[in-house]
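# Examination of the molecular architecture
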Amino acid sequence: MRFDDMIATVLAQPAGPPDKRGIRWRQLVDLLAQRRTGDPEATARAYDWLREHRSALDADTRRETARALSGLAVHPDLVAFFAEDAPSVAAPLIAGARLRADEWLALLPKLGPAARALLRHRRDLPREVNAALGAFGSSDYVLEGGVAEPELSAPPPAPAEHEESQIQELVERIEAFRRRREEDREAERIPEEEAFAESFRWETGTDGILRWVEGAPREALVGQSLAVIAGLGQHGVDGQVAGAFEKRAPFRDARLSVAGAGAASGDWRISGVPYFDPHRGNFLGYRGTARRPRLDETARSDAPSPSGLFGPQLPADSLRQLIHELRTPLNAIIGFAEMIEGQFLGPAPSPYRGRAGEIMDQARRLLSAVDDLDTAARIETRRLDLDASAVDAAALLGRLHESYERIAAQRGSRLALAIAPELPPAQVEPGAVERMFARLLAATIGLAGENETIATEIALVRRGNRPMLHLSVDRPQAIDGFDESALLDPGYSPEGDWPDAPALGLGFALRLVRNLAEAVGGALLIGDERISLYLPALVEAPPAAGKGEGGA
């Protein structure tokens, strides 16, 4: 389908309720983000429609749309369009858009002071673009008292020529001083003789606190705890370590994140075993080793890695660009199928409407897989923003259970759900918890055999000193005998196909759930009999003693 035809198809859809207008708004944004040539009049009509209906979408939705494009090579005109919006909406795209130097130079005069101020925080712009930003001088450095947000459309009056020259000179001197300070700090940050520690040995006491380290600077490592899972946005160990510590069990290649900018900072893979008094048998602590993660293990790194989600040939940024190219035609297919099924273009025979419904369902399933890929790529590139809030996890799980129980019944199996009374809400991002629950249920019930029952339970437990919601799901018999490393292989999926199965394979689905859980301060543990998902609970006091690990 030609680019102009795709725009015309979206614009031809009936107005509909506000949520439908929101879908059309995002579809047009996805189309206009592409670097494709078409009829300028069609493109102008699309931008006119977006501006006319911009106020119908709340700021959060517009900001999420901009964030979805961050890091992509979008069309410069779309960056200018978002720059017309409030700075809080435009910021994600302006901070991450990838344009050529000549495109930035042509775009800068179209941006307002607030948008150019956001650009000045970037450290990846070409030198000529930074020089052009500095040339705007005093027009971008006027303080507007009593104004909540800088106006993007009304530049302040220009001062006299000699005053502008003086201000420009002052701004350039301040900027040069700031650059020198940053360069000096960067040079002093890591002494050359301890540039980057690659491995170390360690030992803890009975409390799980590291008290001895050899092979890396002690200051950043001594005091780290193995007993507590790192919270959202914090440094520390993952759920595998904390779970093993509770059971006094060995662990291997678990994750440790160390804060700071020294030789020991960054991501580690640690392995450890408990040790005991040889005479009395009482627990004394853990001993182990730590190493830097291999390329194939680096799901989140501070610097771009040549290894992406599916190997060195497809880095995460390239994958996100591909995802954007896939999402646009899928949205167009879904929209056109909806028009046929709903007979918006005129009467359609029943077989055509039925076929349109099938196409729409399949396209939505593919779009869900594309969204999973996008989420995984965002996690890898540290561009996934999760704003935690109170979520009624029990109600959400009950709603999803109704849907998947019907699928189970069609296959001759059963999904049994037990919800503990008076559960507190989960402290997570709503979309993330729904994605985790849905992918976990789909992955397990889809593998259930005939007459097999998958027991699912959610309860409040305590892991270390943190109250957490614990969702435990029976492992289907079809994956008996497979260890955690095999099940978490992104390319692994059992033989056969089934409705609502993870489109990208069981291994990818479980790895996505695990990475999302760790991103919100939880954990995914795969035991011999159960799969356990832990999520932070919003409670004021620790829960009463309850079962902890379940079957994990």
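Just so it is clear, the model here is predicted, and its values are computed rather than measured. (Residues numbered from 1 in each chain as written. Predicted model: local features only at pLDDT ≥ 70, side-chain atom pairs only at ≥ 80, totals over all residues. Heavy atoms only, no water.)

## Examining the overall build of the protein
- Within the protein one finds 17 helices and 13 strands.
- When the 552 residues of the protein are sorted by exposure, 47% land in the buried category.
- Within the structure as shown, the protein displays about 27,600 Å² of accessible surface, and the carbon and sulfur contribution to it stands at 52%. (Helix = DSSP H or I, 4+ residues; strand = E, 2+ residues; numbered from the N terminus. Buried < 20%, exposed > 50% of the residue type's maximum accessible area, 1.4 Å probe, protein only. Areas by Shrake-Rupley, 256 points an atom, 1.4 Å probe, with all protein chains shown as cover.)

## Things to note about unusual backbone geometry
- In this model, R248 sits at a positive phi of 55°, which is unusual for a non-glycine residue.
- Along the chain, R248 falls in the loop between α11 (239-247) and β4 (251-258).
- Phi angles above zero are rare outside glycine, and Q343 is one such case at about 55°.
- Structurally, the position occupied by Q343 is in the loop between α12 (316-341) and α13 (350-380).
- Judged by its relative accessible area of 34%, Q343 falls in the partly exposed class.

## Section: the packing of aromatic side chains
- Within this structure, the stated rule accounts for eleven aromatic pairs.
- With centroids separated by 6.3 Å and ring planes inclined at 10°, the aromatic side chains of W202 and F251 adopt a geometry described as stacked. One end of the pair, W202, is in strand β1 (residues 199-204); the other, F251, is in strand β4, and 49 residues separate them in sequence. Each member of the pair, W202 as well as F251, carries the same accessibility label: buried.
- Look at F245 and F283: their rings are 6.1 Å apart centre to centre, the planes differ by 75°, and that puts the pair in the edge-to-face class. Here F245 is found in helix α11, whereas its partner F283 is found in strand β6 (residues 283-291), with 38 residues between them in sequence. For the residue pair F245 and F283, the accessibility class agrees, reading buried in each case.
- A connected cluster of aromatic rings, assembled from ring pairs, spans W202, F245, F251, F276, F283 and Y286. (Phe/Tyr/Trp six-rings, centres within 6.5 Å; stacked < 30°, edge-to-face > 60°.)

## Some details on the sheet that holds β1
- Overall, antiparallel pairing links the six strands, which are arranged β2-β1-β6-β5-β4-β3 in an open sheet. Two strands bound the open sheet, and with one partner strand each, they are β2 (210-214) and β3 (236-237).
- By the bridge criterion, four bridges tie β1 to β2 in an arrangement that is antiparallel. Looking at the pairing, R201 lines up with E214 of β2.
- Of the strands in this sheet, β3, β4, β5 (266-276) and β6 touch α11, which is tilted by about 120° from β4. (Pairing = 2+ DSSP bridges. Contact = heavy atoms within 4.5 Å. Axes fitted to C-alpha atoms, helices over the stretch in contact; angles between N-to-C directions.)

## Quick look at the nonpolar core
- Judged by nonpolar contacts, the single largest core of 45 residues is most densely connected at Y404, M436, F437 and L533.
- If you list the elements that add at least two residues to this core, you get α14 (393-410), β9 (426-428), α15 (430-445), β10 (453-463), β11 (466-474), α17 (506-519), β12 (523-526) and β13 (530-536).
- Among the elements that take part in this core, α15 stands out by supplying ten residues, more than any other.
- With residues near it in sequence (within four places) discarded, L533 still touches M436, F437, L440, L469, H470, L471, V513, A517, A523 and L524.
- One finds L31, V74, I94 and L125 within the second-largest nonpolar core, a separate group that totals 43 residues. (Core = buried A, V, L, I, M, F, W, Y, C linked by side-chain atoms within 4.5 Å.)

## A word on the pairing of β12
- With burial as the criterion, each face of β12 is covered, one bearing A523 and L525 and the other bearing L524 and I526.
- The pairing of β12 with β13 spans four bridges and is antiparallel. When the bridges of β13 are listed, I526 appears paired with I531.

## Overview of the packing of helix α5 (residues 76-83) against helix α6 (residues 87-96)
- Here α5 crosses α6 at 155°, and the two axes come no closer than 8 Å. What the angle tells us is that α5 and α6 run roughly antiparallel. The two elements α5 and α6 cross, and the hand of that crossing is left-handed. Contacts between α5 and α6 involve L78, V79, F82 and A83 on the former and, on the latter, V89, A90, L93 and I94.
- For the contact of α5 with α6, a count of residues per class yields eight nonpolar, no polar and no charged. (Parallel < 35°, antiparallel > 145°, perpendicular 65-115°, else oblique. Left-handed = near helix turned anticlockwise from the far one by under 90°. Nonpolar A, V, L, I, M, F, W, Y, C, P; charged D, E, K, R; others polar.)

## Things to note about the confidence of the model for the protein
- The share of residues in the protein with pLDDT of 70 or more is 73%, and the mean pLDDT across the chain is 76.
- Long-range and interchain partners of residues 185-195, a stretch whose pLDDT sits below 50, account for seven contacts in this model, where long-range means more than four residues apart. (pLDDT = per-residue confidence, 0-100.)

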